[in-house]
Amino acid sequence: MKASLLTVVAGSVLLGACAEKPPEPPRPVPVSLPQKIGDYWYLDQNWTDAERQWYYNTTQGSQIMPYEWFMALPDSSLTTPLEQSYFHQDLTRYGYLAASKSGWSDGVLPVGFIKDTDPKDGATWIGLTCAACHTGDWRVGDRTMRIDGSATTGDLYGLISGISDAVKYTLGNTAAFDLFSRRVLGPYATDAQRVDLHGKLATFHKDFATFVADSTPASPWGPMRTDAFQMIFNRVGAIDLKIPSNSVHPNAPVSFPYLWDASKQPKAQWNGAVPNGDRLTALARNAGEVLGVFGKAALKAPPSKDQYYYNSTVRAKNLIWMEELVRELRSPVWPDSIAGKVDIVKASAGESIYKDNCESCHKVLPRDMTFTDTPIQMIPLFNWADKRPEKVVEVFTKTICDPAKGIPAAVKAGYISVAYESDPTMAVDAACRFLKTGPIEGVVMPPIIGTALKKDDLAVNVLANAVTGSLIGTVIHDRTVASLLLDTSWTGAKDVRTPTPWDDPPVWKTETGVASASVPQPSLLVKDTRAFTRPVKGKPVDEAAQALLRRLKERTSPSSEQASAAAATNITTEPTQAAKDAEAKATKDLAELIQSILAYKARPLDGVWATAPYMHNGSVPNLYEMLLPASQRSATFRLGTHSFEPIKVGVDQSADDNTFTFDTAKPGNHNTGHEFGASLTDEQRWELLEYLKTL
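Residues numbered from 1 in each chain as written. Predicted model: local features only at pLDDT ≥ 70, side-chain atom pairs only at ≥ 80, totals over all residues. Heavy atoms only, no water.

### Some words on the environment of Thr611
Right, on to step 1. For Thr611, the location among the structural elements is in the loop between strand 17 (599-602) and helix 21 (623-626).
Right, on to step 2. Note on Thr611: relative accessible area 11%, which makes it buried.
Right, on to step 3. When the C-alpha positions of Thr611 and Ile147 are compared, they lie 9.3 Å apart, and in sequence the two are 464 residues distant.
Right, on to step 4. Not counting residues up to four positions away in its chain, the partners in contact with Thr611 are Ser150, Tyr258 and Trp260. (Helix = DSSP H or I, 4+ residues; strand = E, 2+ residues; numbered from the N terminus. Buried < 20%, exposed > 50% of the residue type's maximum accessible area, 1.4 Å probe, protein only. Contact = heavy atoms within 4.5 Å.)

### Brief notes about the state of the cysteines
Right, on to step 1. Per the counting criterion, the structure on display carries one disulfide.
Right, on to step 2. One disulfide in the model links Cys401 with Cys432; its S-S distance is 1.9 Å. On the sign convention where negative means left-handed, the S-S torsion of about -70° between Cys401 and Cys432 marks this disulfide as left-handed. Of this pair, Cys401 sits in the loop between helix 12 (389-400) and helix 13 (406-412) while Cys432 sits in helix 14 (residues 425-432), and the two are 31 residues apart along the sequence. (Disulfide = S-S within 2.5 Å.)

### A closer look at helix 14
Right, on to step 1. When you tally the buried positions in helix 14, you get six out of eight residues, the bulk of the element.
Right, on to step 2. Among all positions in helix 14, only Met426, Ala427, Val428, Ala430, Ala431 and Cys432 are buried.

### Regarding the sheet that holds strand 1 (residues 35-37)
Right, on to step 1. Within the open sheet, the four strands sit side by side as 1-2-7-6. Their pairing is mixed. Whereas interior strands pair on both sides, the edge strands pair on one side only; in this sheet they are strand 1 and strand 6 (135-140). The mean angle between the axes of side-by-side strands here comes to 35°, regardless of whether they run parallel or antiparallel.
Right, on to step 2. Taken together, the three bridges between strand 1 and strand 2 (residues 40-42) define a ladder with antiparallel strand orientation. For Ile37, the partnering residue across the bridge sits in strand 2 and is Tyr40. (Pairing = 2+ DSSP bridges. Axes fitted to C-alpha atoms, helices over the stretch in contact; angles between N-to-C directions.)

### Notes on the pattern of salt bridges
Working definition: two side chains of opposite charge can pair if their charged atoms are close together.
Right, on to step 1. Under the definition given, this model contains 19 salt bridges.
Right, on to step 2. Close ionic contact of Lys120 with Asp118 constitutes a salt bridge, the shortest N to O distance being 3.2 Å.
Right, on to step 3. Overall, the relative accessible area of 5% leaves Asp118 in the buried class.
Right, on to step 4. Glu323 is the partner of Arg285 in a salt bridge, and the nearest nitrogen-oxygen pair spans 2.8 Å. With Arg285 in helix 8 (residues 279-292) and Glu323 in helix 9 (residues 316-327), the pair connects residues that are 38 residues apart, well separated along the chain. Assigned by exposure class, Arg285 and Glu323 land together as buried.
Right, on to step 5. A single salt-bridge network, built from bridges that share partners, covers Asp49, Arg52 and Asp148. (Salt bridge = Lys/Arg side-chain N within 4 Å of Asp/Glu carboxyl O.)

Here you go:
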């Protein structure tokens, strides 16, 4: 392991010079071989099977619809007779992964679909966990690898529209509703009970169908993607705030990011808009994700200073434990025994190509080392012709964020030039979105030190307010959450946890489903606690968003009432020097923020072979095409299959079970940018590709 790969290769070539073909040196892979459990092959990613099953099946607070309804819902789209049809019986048709039976799952629902029992009233709901979107299957021949932390083939819009259609069908078909009511109420329900159930289902359908319609993209996302920011903003703005007009059509889908190393990066999201790195920022990030996948928050003005928080379904303690478990997750090593042997000679040549062309942005994380921080590089989308802070703010607010102008107008006017040609829709949409705040206008979260929400506020600001208030609520209702967040005494190794006075009964189970303190607990203990105690670099997202809002407001035209008052009084007040200095600093901070979030993140590429399709928006089907000039990449390609193509490394385009055609000409789908391999020869591309398999 100490000798470099190049040295090993050179030595082997010299020793075998007289042979007909030089023997290949062994490929060093300091991990266990793939392990078959049930129908799936699992690679060594530093999780036990008990840990992954807990992760797949533990609620985070997502509540889509009542669990009994979901399990009883018939489905006219299935080929089975009505009496035998259940909507839930084949959710793999939406790309979600079939579960395997374990102590945590009966194997009926896909990975990441769970029953959530509300602790307030005991009501049960169907919900999603992180694993629903961040677990992927890749099939080579007759063997399927299940990759923890990779992207699902799930189609989120297909799922929610399918639920809406099934409910509509059940309400409008007498035989279907009779079947549904018998399943929910039993065979002896009264007419009054059936009428009541019909009314409740109709109320649910009205709200859910409106949400689905308002969230319908102009171009289908297809599998493996979602417009995460806009869907979260729609949920919070339209559902939780009960303001339907806050919904927009989410037309900037992005790939589900892979999770290994993600919790150790200083910034989260493709555009790096969310600070990351300690327990609190991680919890806030994950709570926002919960609200985006049907978590609920009662967003209304707190009635008093003694109840200054929001009630929500966010399971903060579970989220903290999940994050600690994800911190232990490692990237999957290319499985020679399943996907074919790596050509180690080509890979060694590709290593130097990587160092010259890729490593400045995509750092290498040696597998025999443990990391508490993952280096990233933010790649700016634009160059600014005039970098004076006040000019950057003006161009952003008055041109880039103006729907009638946008980036083309800013480029044509010479305000900006394109620095990185990747499709900018996601970054720009996330930065420019506003929401009506309705019942929480003027609410300050956190109290006293926060900034009051305006009538029309930045969506990221409203989300930060909702998340902060929800987390305060979780601490109020369960003080052990604060203990988990503040305790820096976790110093044990993986699978070892020192009990503390605030421990719940063990959250682990054996494969038989029986709680046992002797079974390894989810690893709450990080290998280096400094990662959770150091200050977070940069300004907190809520402070930054507040600064952005203030400047946006100042750049808009005054209202007619303000203009009339100013004309009537004709009085001006000269600001003090201190006020001018504060104003200048706020403008400078805002300009820096704008430039920082109009960017995309480059991260280490360990395990990248298992994360197709590529680019932030999933617009490139395989790694080989990522090394081509954009003009030579596939204009259209197919998605939906679990079949893996190990030569070009990506989605198998020949697979019969591809269900979706990705069109890169559509808005948000452009496959431009990242042409750092364009100058390579084709031989160099294949060498680099072979090296990428080894990361």
